[in-house]
2 protein chains.
Amino acid sequence: MAQRRHGRLERLLPILGWGRAYTREDLSGDLLAGIVTAILLVPQGMAFGLLAGLPPQAGLYAAILPPLVYAFLGTSRTLAVGPVSVAAIMVAQALAGLSPGADYVSSALLLAFLAGIVLLVLGALRLGVLANFLSHPVLSGFTSAAAIIIILAQLPHLLGLTMPKHLPLADAPRLALEALRNLNLPTLGLGALSVMLLLLSGRPLERALVRAGMTAAHAGVIGKTAPLAVVLVTTFLVAGFRLDAGHGVAVVGTLPTGLPDFGFAVPGLETLAELFPSALLIALVGYVESVSIAKTLANRHRQTIDPNQELIALGGANLAAAVSGGMPVAGGFSRTMVNYSAGARTQAATILTALLVGTVALFFTPALAQVPKAALAAIIIVAVSRLIDFHGAVEAWRYDRHDGLVLLGTFLGVLLVGIEAGLTLGVVLSLLLYVWRASRPHVAELGRLPGSEHFRNVKRYDHLETWPEILLLRVDEHLNFANSAYLEETIMERVAGRPRLKHLVVVASSINGVDLSALEMLGKLAHSLRLADVTLHLAEVKGPVMDHLKHTALIQNLAPGRVFLSAHEAVETLARHGPKPG
Amino acid sequence: MAQRRHGRLERLLPILGWGRAYTREDLSGDLLAGIVTAILLVPQGMAFGLLAGLPPQAGLYAAILPPLVYAFLGTSRTLAVGPVSVAAIMVAQALAGLSPGADYVSSALLLAFLAGIVLLVLGALRLGVLANFLSHPVLSGFTSAAAIIIILAQLPHLLGLTMPKHLPLADAPRLALEALRNLNLPTLGLGALSVMLLLLSGRPLERALVRAGMTAAHAGVIGKTAPLAVVLVTTFLVAGFRLDAGHGVAVVGTLPTGLPDFGFAVPGLETLAELFPSALLIALVGYVESVSIAKTLANRHRQTIDPNQELIALGGANLAAAVSGGMPVAGGFSRTMVNYSAGARTQAATILTALLVGTVALFFTPALAQVPKAALAAIIIVAVSRLIDFHGAVEAWRYDRHDGLVLLGTFLGVLLVGIEAGLTLGVVLSLLLYVWRASRPHVAELGRLPGSEHFRNVKRYDHLETWPEILLLRVDEHLNFANSAYLEETIMERVAGRPRLKHLVVVASSINGVDLSALEMLGKLAHSLRLADVTLHLAEVKGPVMDHLKHTALIQNLAPGRVFLSAHEAVETLARHGPKPG
């Protein structure tokens, strides 16, 4: 009993599991990873806060309490939860849609709160499966489009324009022109320097370090700390040459010192309703991305991710963001990879990262005041440009037109109309195309491989045995409302061409379900066939399908038709009683 | 060549087909059926016009030109196209939703016009299959709810209240109370008499006639002409006792003499947009009902219905309604059954019916002026009460909770919110539940029937052969975005409990498709299994699925995994190379 209660507690608080088995070896890995990730997270957090149209501390605060909560509740050992670029741009679009005069910061906290509630409710109902409706092509199209929107939104920062709070895509060309006229050369210089440093610190630096004798893993980790180097170099340049006051270079500015206010203003029902659709999508998209990263890494070590516990953990992290002044959070891909490749073995690394970021927020915000926004914009642009997956889109199109269409529809919808409209379009399109495909199922006429009990499609194999008085049709699909009319027509057409036909056997080996519309159709089919002196039989009906059918009028009124165990049995029985094969 | 061109023309004008083969025998059947159907159609047409909130002639005119057009274009020999009760109540609800001051008659013509265009466009695109998205439970829930709405809308007529143009359901109790207070006794008397006559002329009259020596078919036909008897009797009573002027019995009133004006006012874009959603649903519902009636009867005679040509024919009929002062039309169930059982063999019967109704509209409308509305209300109420299918709802619920839910949702939606909202709810619900079901597929572990090549579910059969180093899993579903995460987890869980496992064989006999999300999942699965020293194999992959998969990285990187023709081959190969069965 104690053991069982214990197991249940451990499921609710996974930290108890890995915490109890924590080793000295784990500690050394977690220490380095915690420090490296914190180095990345400070500039990233500020950048994502700005990207969301919020003050930079909204991103920084999202990197303190939420990851701590996740560390206690999450089932992934290495997922780095905190502010992420995609959630940031979704927040920016949601805020842009608010009625004028709304308070952006409190609305962002409200989004985190609502997203947290959505995730917790889904977790309590064990509905993690709902996230699957965001299919791979939907996510891929969405991510590419979101990356492009993010880059466009950051360009003015990089070029030294005062960025409008929200950038409608249609205005991008006009703003670009304006940027060329009002170009702030020192800002452009800092931006270009940052981009160059970041690009050089990727593959080129790693290769150089490896050539100098470092292991590939360590070289990768050092490469990933480039954002700190960029921030340090550009901030020193700003401070040294007084680029901010003297030359109009935009900087982060004075951040509040100390920890965030813990608290949360209770909003009105109307505001809740206005923000709910955005919060729902932020929650679902963040959840799907987090779980897919977590699963990928867990698989490498035969660890398991519990999708329903992840709902609870990410829900808790978002509530923590809401009460501690942070924007909505999720698991970030690039930061998780840095954490993992720097040697993180448990969420202890995350705890260390959070404490370090908290220390920065508590004592060192004055040092951050002169970080140029152009450097942060460069960090974001370089990071998200890797998310634009043109190759994947071409692959999807080649593999399957439907998947390609869904991807393209989502991409264009997100880019041209907006994130919510685009995602909704993608989900609806994937559902419709799914049912559409099921509405015209493959129907194969079967014949017997001579001398065997195996039946195959007569169109794919030569010299199969067939019988003029027996037609065996295998239907490769659920029977349901979407295809029952089509199947009725198809079957009657195939029967029409065979004057000697006496028996139609529907081979149900690929039929995984029969809904009410299809049941009606089968009844009508049996009746129509009877009028044409053809008897309907079934064969190879699966267990679960038969359980469902056996009490229906269809089976009870099928006689003289029968339900055969196999196509072989059907032919043996029917050919024996009927005329000889022709 | 001439032959082929000829066949194409016949497909566009099916009348050329049956017209050329027309026999004297056909003529005698068609003559009687044409007359009997006309007798039913005159009172029905007026009643449906009133039901739609229009003057009675809108129904009468819909019974002249539209059936003539259908007779030339339609592929059904016996479908009776014209005004129908369900389309009438849909028109009534659409008109009720219009901005105040709209012209009801011209809006109804516009609905017919738009419905016609929708059907023609769908026909030109050969998209008849779209109608399948209105599944059986959606239609059943909708029809029952529509019947209840129609009956509630007709009650005031029956009780002699001045009916408001549109009856909100919530007002029904209040109106009923008012009715009790303001009861018009002569109207109530006529209504009760009509209902009684109609009920008696159903089963009781038919039985009596059969007992008197008539054939069941003829007795049925005579029973179906009861509406004319009701109209005649009650009209004589009204005329004889001056019930209209003297006692406040509502009558049809003076109808315009002569044929309708041919013509059509061109509407503004705004009006078109306002009416379009209603027109779309009227078109789809009417189409689905018409085709299902037509198919049922065609099956009895091994005739075929071309669903795409039916779109053209019904589209043409609705355009004809729009230009000749008629409300939207469809194939009517009860009238088609009367036409069929009275002996109709071709659409010549319909042509005769239309000419007879046209003659009435041309010369005899003065005689219709004193038809009491209560009699028409009684005809409608008795007819549609048969459409309330409580038994079917219980059956649906018993057969399948999902189908039951869709039916109930549509029923409640239509009854409590409105026809359009209810139908939309039903369609969305059926799509979602469909994908939901596909998201948790049945996965069966297979074992071999000893001494055979047959593999069965180990949970359903005892004493099957299994192997500790081989696991055979049959997945009973498409692999797609909705279920790939679930399948990955399920498969990894089943693998986790088997330390000696070396080979996992996915038996794909029930897999009818693999989408991009699932393809990714299989790649990840193969990788995860490899890390656990388990090799992934496939077996019994269907031809169309293999065609799709064979050029993908999955199959190219499957080695040392293989694609086996059958589960038997997989076991024979893998067990031979692996350790002996334990």
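Anything mentioned here points back to the structure above.
It should be emphasised that the depicted structure is a prediction, and the values quoted were computed from it without experimental measurement.

Rules of the game
Residues numbered from 1 in each chain as written. Chains lettered and ligands numbered in written order. Predicted model: local features only at pLDDT ≥ 70, side-chain atom pairs only at ≥ 80, totals over all residues. Heavy atoms only, no water. Buried < 20%, exposed > 50% of the residue type's maximum accessible area, 1.4 Å probe, protein only. Helix = DSSP H or I, 4+ residues; strand = E, 2+ residues; numbered from the N terminus. Pairing = 2+ DSSP bridges. Axes fitted to C-alpha atoms, helices over the stretch in contact; angles between N-to-C directions. Parallel < 35°, antiparallel > 145°, perpendicular 65-115°, else oblique. Left-handed = near helix turned anticlockwise from the far one by under 90°. Contact = heavy atoms within 4.5 Å. Least-squares fit on C-alpha atoms with pLDDT ≥ 70 in both. Phe/Tyr/Trp six-rings, centres within 6.5 Å; stacked < 30°, edge-to-face > 60°. Core = buried A, V, L, I, M, F, W, Y, C linked by side-chain atoms within 4.5 Å. Right-handed = clockwise from strand over helix to strand, strands pointing away.

Novice: Looking at this structure, I do not really get the pairing of strand E3 (residues 443-448) of chain B. What am I missing?
Specialist: Each regular strand carries side chains that alternate between the two faces of the sheet. All names here are of chain B. Of all the six residues making up E3, six are buried; the element is thus mostly covered by neighbouring parts of the structure. The two faces of E3 match: Val443, Glu445 and Gly447 on one face and Ala444, Leu446 and Arg448 on the other face are all buried. Examined bridge by bridge, E3 and strand E5 (residues 470-475) share three bridges and lie antiparallel to one another. When the sheet's bridge partners are listed, Glu445 is paired in E5 with Leu473. The antiparallel pairing of E3 with strand E4 (residues 455-457) creates a hairpin that spans six residues between the two strands, and Gly451 there sits at a positive phi of about 75°.

Novice: Where do I start with the packing of helix H8 (residues 136-159) of chain B against helix H21 (residues 401-417) of chain B in this structure?
Specialist: Two quantities define a packed helix pair, namely the angle between the helix axes and the distance between the axes. Residue and element names in this part refer to chain B. Interhelical geometry of H8 versus H21 gives an angle of 30° and a closest axis separation of 7 Å. Here H8 is positioned roughly parallel relative to H21, judged by the angle of their axes. Crossing handedness for the pair H8 and H21: right-handed. Two secondary-structure elements touch here, H8 through Pro137, Val138, Ser140, Gly141, Phe142, Ser144, Ala145, Ala146, Ile148 and Ile149 and H21 through Asp403, Val406, Leu407, Thr410, Phe411, Val414 and Leu415.

Novice: Would you explain the sheet that holds strand E4 (residues 455-457) of chain A in this entry?
Specialist: In a beta sheet, neighbouring strands pair by backbone hydrogen bonds and run either parallel or antiparallel. Residues and elements named next belong to chain A. In space, the six strands of this open sheet follow the order E4-E3-E5-E6-E7-E8, with mixed pairing throughout. Two strands close off the open sheet at either side, each with one partner strand: E4 and strand E8 (563-564). Relative to strand E6 (residues 503-507), strand E5 (residues 470-475) runs parallel, the two sharing five bridges. When the bridges of E6 are listed, Ile470 appears paired with His503.

Novice: What should I look at first to understand the relation of the copies chain B and chain A in this one?
Specialist: Look at the two chain copies: a rotation about an axis and a shift along it is all it takes to match them. At an RMSD of 0.2 Å, chain B and chain A line up after a rotation of 180° and a shift of 0.0 Å along the axis. One copy is carried onto the other by what is essentially a two-fold rotation axis. Looking at the rotation axis and the C-alpha trace of chain B, the residue lying nearest is Ser510 of chain B, at 2.1 Å. Comparing interface residues between copies, 97% of those in chain B also sit at the interface in chain A, which points to an isologous, same-surface contact.

Novice: I keep staring at the packing of aromatic side chains and nothing clicks. Help me out?
Specialist: Both the distance between ring centres and the angle between the ring planes are used here to describe each pair of aromatic rings. Applying the stated rule across the entire model yields seven aromatic pairs over all chains. Centre to centre, the rings of Tyr434 of chain A and Phe481 of chain B are 6.0 Å apart; their planes meet at 70°, and the pair counts as edge-to-face. In this pair, Tyr434 of chain A is assigned in helix H23 (residues 419-438) and Phe481 of chain B in the loop between E5 and helix H23 (484-496), connecting two distinct chains. Assigned by exposure class, Tyr434 of chain A and Phe481 of chain B land together as buried. Relative to Phe364 of chain B, the ring of Phe363 of chain B lies with its centre 6.5 Å away and its plane at 75°, an arrangement referred to as edge-to-face.

Novice: Mind showing me how you'd approach the nonpolar core here?
Specialist: Across soluble globular proteins, nonpolar side chains show a tendency to be buried alongside one another. Counting 102 residues, the largest nonpolar core has Met90, Phe142, Leu376 and Leu423 of chain A as its most contacted members. By residue number, the principal contributor to this core is helix H15 (residues 269-300) of chain A, which donates 13 residues. If we ignore the near neighbours within four places in the chain, the residues touching Leu423 of chain A are Met90, Leu134, Val138, Phe142, Leu281, Val285, Thr410 and Val414 of chain A. Ala38, Leu139, Leu311 and Ala361 of chain B belong to the second-largest nonpolar core, a separate cluster that totals 99 residues.

Novice: Mind showing me how you'd approach the pairing of strand E6 (residues 503-507) of chain B here?
Specialist: Residues and elements named next belong to chain B. Here E6 lies mainly inside the structure; five of its five residues are buried. Taking every second residue as pointing to the same face, both faces of E6 are buried, with His503, Val505 and Val507 on one and Leu504 and Val506 on the other. You can see the chain leave E5, run along H23 and come back into E6, and the turn it takes is right-handed. Of the strand pairs in this sheet, E6 and strand E7 (residues 535-539) are connected by five bridges, and their pairing is parallel. Along E7, the bridge assignment pairs Val505 with His537. Each parallel crossover has a hand, and for E6 linked through helix H24 (residues 516-531) to E7 it is right-handed.

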